[in-house]
Amino acid sequence: MQPDPLTATFAALADPTRRAILARLTTGEATVTELAEPFNISGPAISRHLKVLAHAGLISRGRDAQWRPCRLEVDRLQGVDQWLQHYRQLWDGRFDQMDDYLRALQKGEDK
């Protein structure tokens, strides 16, 4: 059974190497060799990381002669952003309450 897209995305993002690969891809397409360069890991290991990212829909791999450039697919990250929106609203409300409380303290009122 395939995990839902959000679960696959979070599982892919759980690894710091994969997050670093995604960060690199925000600057544009890169080859596997370019993506592997900053890491002290084997070629098969970087390939496994790319496979997880591709399976989660976070990257796609093209074909340009013998090159296989990777590119970031931001659409899948929009699902994470939508999921986080609920929590953003929750924290915004709590920060507003804290602002009100701090203002009341500054005025010398007890709340």
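As a reminder, the structure under discussion sits directly above these lines.
Let me sum up the structure you'll find in this document. The shown structure was predicted, so the numbers you read here are calculated from the model rather than taken from an experiment.

Scoring rules and cut-offs
Counting of residues starts from 1 at the beginning of each chain's written sequence and follows it residue by residue. At least 70 in pLDDT is required for a residue's local features to be given in this predicted model, at least 80 for side-chain atom pairs to be given and counted, and no such filter applies to totals for whole chains, interfaces and linings, which use all residues. As a convention, hydrogens and water are excluded, and side-chain values are obtained from all of the structure's heavy atoms. Strands are runs of DSSP state E lasting at least 2 residues, helices are runs of H or I lasting at least 4, and numbering of each runs from the N terminus. It only takes one pair of heavy atoms within 4.5 Å for two residues to be counted as in contact. Here a polar contact is recorded for every N or O atom pair within 3.5 Å, except that within protein the pair must consist of a potential hydrogen donor and a potential acceptor, and residues adjacent in sequence are included only if both atoms are side-chain atoms. Residues enter patches when their relative accessible area tops 30% and they take part in no salt bridge; the joining distance is 9 Å for like charges and 5 Å for the nonpolar side chains Val, Leu, Ile, Met, Phe, Trp and Tyr. Accessibility throughout is a Shrake-Rupley quantity obtained with a 1.4 Å probe, and a residue counts as covered only by protein chains that appear here. Just to be clear on terms, a salt bridge is a Lys or Arg side-chain nitrogen sitting within 4 Å of an Asp or Glu carboxyl oxygen. Only protein chains enter the calculation, and the probe is 1.4 Å; a residue is then buried if its accessible area is under 20% of its type maximum, exposed if over 50%, and partly exposed in between.

As a further point, take the environment of E29. When you line up the elements, E29 lands in the loop between α2 (16-25) and α3 (32-36). As for E29 and I59, which are separated by 30 residues in sequence, their C-alpha atoms are 9.9 Å apart. Dropping the residues within four chain positions of it, E29 is found in contact with R24, E34, P69, C70 and R71. Reaching out from E29, the side chain makes a polar contact with the side chain of R71 at a distance of 2.8 Å.

Together, F10, W83, L84, Y87, L90, W91, F95, M98, Y101, L102 and L105 give the surface a local cluster of nonpolar side chains, amounting to about 1,000 Å² of exposed area. A total of 10 residues in the nonpolar patch trace back to one element, the largest contributor, which is helix α5 (residues 75-106). By the element assignment, W83 lies in helix α5. Classification of W83 by relative accessible area gives partly exposed; the value is 39%.

Scanning the model with the defined rule gives three salt bridges in all. Across the pair D81 and R88 runs a salt bridge whose closest N-O atoms are separated by 2.6 Å. Residues R103 and D100 are paired through a salt bridge, measuring 2.9 Å at the closest nitrogen-oxygen approach. Here D100 and R103 lie together in helix α5, a separation of three residues that amounts to about one turn. Given the relative accessible area of 43%, R103 is considered partly exposed. Residue classification places D100 among the partly exposed positions, given a relative accessible area of 36%.

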